[in-house]
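Below, each chain spelled out in residue letters.
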Amino acid sequence: MSDGEKKHDASSVNADTTKDQASGLTPGEVELARPGGPAEPEVVGVRHGMFGATQGADTTGYSGLVRPILVAGASERPYGGYFDEIADNLERGLVGGTASYAEAVDRVVVDRGEMTIHIRREHLLAVARALRDDASLRFEIVTGVSGVHYPNRTGEELHAVYHFLSITHGGRRVRIEVSCPDDDRHIPSIVSVYPANDWHERETWDMFGIEFDGHPALTRILMPDDWPGHPQRKDYPLGGIPVEYKGATIPPPDQRRSYN
Amino acid sequence: MSTHTEFTQTEVPEPGANDVYATSVADEQASEGAHVFNAAGGDWNDLVDEATSLGEERIVVNMGPQHPSTHGVLRLILEIDGETVTEARAGIGYLHTGIEKNMEYRTWVQGVTFCTRMDYLTPMFQEAAYCLAIEKLLGITDQIPERASVIRVLMMEMTRISSHLICLGTGGMEMGATTVMTVSFRERERLLRVIEMVTGLRMNNAYIRPGGVAQDLPPGCIDALREMIPEVRRGLGELEALLNENPILKGRTVDVGVLNLAGCMALGITGPVLRSTGLPHDLRKLDPYCGYETYDFEVKTRTSMDAYGRLRIRIDEMYESLKIIEQATDRLQADEGPVMVADKKIAWPAQLALGSDGLGNSLDHIREIMGTSMESLIHHFKLVTEGFRVPAGQAYVAIESPKGELGCHIVSDGGTRPYRAHFRDPSFNNLQAVAAMCEGSQIADVIVAVASIDPVMGGVDR
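Keep in mind that what you see is a predicted model, and the values were worked out from it rather than measured. (Residues numbered from 1 in each chain as written. Chains lettered and ligands numbered in written order. Predicted model: local features only at pLDDT ≥ 70, side-chain atom pairs only at ≥ 80, totals over all residues.)

### Quick look at the domain arrangement of chain B
Residue and element names in this part refer to chain B.
Here's step 1: We note that the domain assignment places domain 1 (100-346 + 388-440) and domain 2 (347-384) within chain B.
Here's step 2: Listed by partner, the interface residues are 12 residues for domain 1 and six residues for domain 2.
Here's step 3: Of the residues belonging to the side of domain 1 that touches domain 2, the class tally is six nonpolar, three polar and three charged. (Domains from an automatic or database assignment. Contact = placed C-beta atoms within 7 Å. Nonpolar A, V, L, I, M, F, W, Y, C, P; charged D, E, K, R; others polar.)

Laid out in structure tokens, this is it:
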């Protein structure tokens, strides 16, 4: 998503895919964009050129190539497997709480055999409580939170991705994804429900700068206390020094020629 | 005191918004008025006298980060009252090397050499979790050759034993039992010799690759495995005879570092610590990968919830791992086959071979790309420098590492490099249990409790 613009016209993308190879899509992406495929794909950016080289002039002859970056979009029921059951039980588990299922859930994405429930951030705590406490859901363990920074997705630059595991229900897994804009980096903490997430949230704060509201002690955990910046963000450089070897200089990894 | 006043006279920059390295106000407030004892140099009796005269019973001690029994650079902040620990906190981050960030700047295949260095005692597990996640994103999970999966299982189980042996060995040494360490390391060498024979390296192997493994087993490997298995089994017997009913060891470990099932669930603890509460949770059974459902082995549990139970579980698990290794060896001996996915757009083009100057690209391959086929050369060059593309999306794969659930969450933007790679290291999560296990116990028990978690800071800090 390096130099992509947000939201391409999705219909033109689908028209392109009929041309197969001419569209520049990989077979996997063609499969994703196929009508009646797993889900209507969402365009999250575009990729220019054949090799994604950004340094110097593009001499490949493919510099005019523009390809959309497709990810699985919102899925329609039935989701398949135990995913429908999870959605039903979550809907029931949220009844009587602070938010209904329709209010809390932004969309559900089923992709590659994994279920992702996108939750609106203000309702995360209610969803987490339902996931843990409802006997039909009973996700005992949250295996941490992983931050992802998408600088080009305006209004939802920072994502927090939680993975839940239910041992009671034979190893069911569900992914909860929450996003927040970069200028309001607040997501409620779920440490009060899942104490195990304590260090994981501190790590995500440390690395991405997402503030988990309600966390008992949101301090840096991996970087020194006085470190400026949040290293895993895409606008934070990798750093490194050029290495000289026999008169030639090898630039640091983030400044080398790369193909993406 | 005099030195303190001196410092205030000199020019100290005002802690302001511009000074990014300023200590926080909270830190200064917390330490204000507190008496700091410095144990560097001087007569210790003076220190004792000073402490006695103050009548302060509450003492905060830093154990680590450079303490031999903290498994690397773990810092334990202990508040002690006499010999009793009233509060225990773990400080981590001293070994943070930014591996996850670095992976975002290398190709998918290069990522293997990075993640293998996270938990350096279980390199195969990070590689396996990472590769399984990539394969899930690529949608080629079903195309991984059978033989590659068997080799992965073989390597993972050998690594599991070597990791458990380190846990027991260093754990024993921390309690003052050097023999446990020498026996453990002797047995570990047997495993490492075979791992080195297969991968060329004792650790940081980068052997499991997206699509399969780097190369097939070398000639003579099956014989080496057959020779190694009974020897290790005998060594484990020796270890058992030394430890299981040893009154000194039991005195140090029984009812130490107790954490019950509710505590484990709340803190997300997995691995031997969870199994010591009696819950037979093992991802190899619960959610099998790499064909673990086809192997005959048991999940070992105990119900004592203490360090002794965890130690016994680790010993029992090593026997189970040996059983899996035997079965994998049989399968590898019975069948030949490819060890890399058939898709040439993903499979690493070169096969390695042992030359007179060490392990390198096989001469056959060099001859082909340099001498006979221009297309092969282009293909090799493109795949090695540019790498393959992975369709955009995200995947999470969890496997059972010796320490618990090792998860790998990777995000692709459709490019040749990971957009984000995150590892849920079991040690990182399990270290959160230090407070629950240690508070209220003796200082000596802290060592045992931490050893029973078996944290490796390379994995914790990444």
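There's more to say after this.
### A look at the sheet that holds strand β1 (residues 59-63) of chain B
Each strand in a sheet pairs with its neighbour through backbone hydrogen bonds, running either in the same direction (parallel) or in the opposite one (antiparallel).
Residue and element names in this part refer to chain B.
Here's step 1: The strand order across the open sheet built from three strands is β1-β2-β3, with neighbouring strands paired in antiparallel fashion. Two strands in the sheet have a free side with no partner beyond their single neighbour: β1 and β3 (84-91). Pairs of neighbouring strands in the sheet enclose a mean axial angle of 25 degrees, with direction left out of account.
Here's step 2: In this structure, β1 lies alongside strand β2 (residues 75-81), joined through five bridges in antiparallel fashion. Pairing of Met-63 across the sheet is with Leu-76, part of β2.
Here's step 3: Packed onto the sheet, helix α19 (residues 443-453) meets β2 and β3 and runs at close to 150 degrees relative to β2. (Pairing = 2+ DSSP bridges. Helix = DSSP H or I, 4+ residues; strand = E, 2+ residues; numbered from the N terminus. Axes fitted to C-alpha atoms, helices over the stretch in contact; angles between N-to-C directions.)

### Regarding the packing of helix α9 (residues 221-243) of chain B against helix α14 (residues 307-334) of chain B
All names here are of chain B.
Here's step 1: In the contact formed by α9 and α14, the axes pass within 11 Å of each other and the chain directions differ by 165 degrees. Put simply, α9 runs roughly antiparallel to α14. Crossing geometry of α9 relative to α14 is assigned as left-handed. Mapping the contact onto sequence places Ile-222, Leu-225, Arg-226, Ile-229, Val-232, Arg-233, Leu-236, Leu-239, Glu-240 and Leu-243 in α9 and Leu-311, Ile-315, Met-318, Tyr-319, Leu-322, Ile-325, Glu-326, Thr-329, Leu-332 and Gln-333 in α14.
Here's step 2: Looking at the contact of α9 with α14 residue by residue, the class counts come to 14 nonpolar, two polar and four charged. (Parallel < 35°, antiparallel > 145°, perpendicular 65-115°, else oblique. Left-handed = near helix turned anticlockwise from the far one by under 90°.)

### Here we look at the sheet that holds strand β4 (residues 114-119) of chain A
All names here are of chain A.
Here's step 1: Strand order across the open sheet formed by five strands is β3-β4-β7-β6-β5, with mixed pairing between neighbours. Two strands bound the open sheet, and with one partner strand each, they are β3 (105-111) and β5 (141-149). Mean inter-strand twist for the sheet, computed between neighbouring axes without regard to direction, equals 20 degrees.
Here's step 2: Of the strands in this sheet, β5 and β6 (158-166) are in contact with helix α6 (residues 197-208), which crosses β5 at around 5 degrees.

### Regarding the confidence of the model for chain A
Residue and element names in this part refer to chain A.
Here's step 1: For chain A, the average pLDDT comes to 81, and 82% of its residues sit at 70 or higher.
Here's step 2: Mean pLDDT in chain A bottoms out at helix α1 (residues 10-17), which sits at 40, and peaks at β6, which reaches 93.
Here's step 3: Taken as a whole, residues 1-22 scores under 50 in pLDDT and shows 34 contacts with residues more than four places along the chain or in a different chain. (pLDDT = per-residue confidence, 0-100.)

### Some remarks on the pairing of β6 of chain A
All names here are of chain A.
Here's step 1: In terms of burial, β6 is largely enclosed, as eight of its nine residues are buried.
Here's step 2: Strand direction decides the pairing type here: β5 and β6, joined by seven bridges, are antiparallel. Its bridge partner lying in β6, Ile-141 is registered against Leu-165.
Here's step 3: By the bridge criterion, nine bridges tie β6 to strand β7 (residues 172-180) in an arrangement that is antiparallel. Paired with His-159 across the bridge in β7 is Ser-179.
Here's step 4: Between β6 and the antiparallel strand that follows it, β7, lie five residues; Gly-170 among them carries a positive phi value of about 65 degrees. (Buried ≥ 20, exposed ≤ 12 C-beta atoms within 10 Å, placed from the backbone.)

### Let's talk about the environment of Arg-185 of chain A
All names here are of chain A.
Here's step 1: Tracing the backbone through its elements, the reader meets Arg-185 in the loop between β7 and β8 (186-188).
Here's step 2: Linking Arg-185 and His-159, residues 26 residues apart in sequence, is a C-alpha distance of 9.8 Å.
Here's step 3: Look past the residues within four positions of Arg-185 in its chain and what remains in contact with it is Leu-158, Cys-180, Gly-209, Ile-210 and Glu-211.

### Quick notes on the interface of chain B and chain A
Interface size is commonly expressed as the accessible area that is lost once the parts come together.
Here's step 1: The partner chain A presents 44 residues to the 47 residues of chain B that form the contact.
Here's step 2: Only α4 (99-103), α6 (123-138), α11 (261-267), β8 (393-401), β9 (404-412), β10 (420-424) and α17 (426-430) of chain B provide two or more residues apiece to the side of chain B that touches chain A.
Here's step 3: Partitioning the side of chain B that touches chain A into residue classes produces 17 nonpolar, 18 polar and 12 charged.

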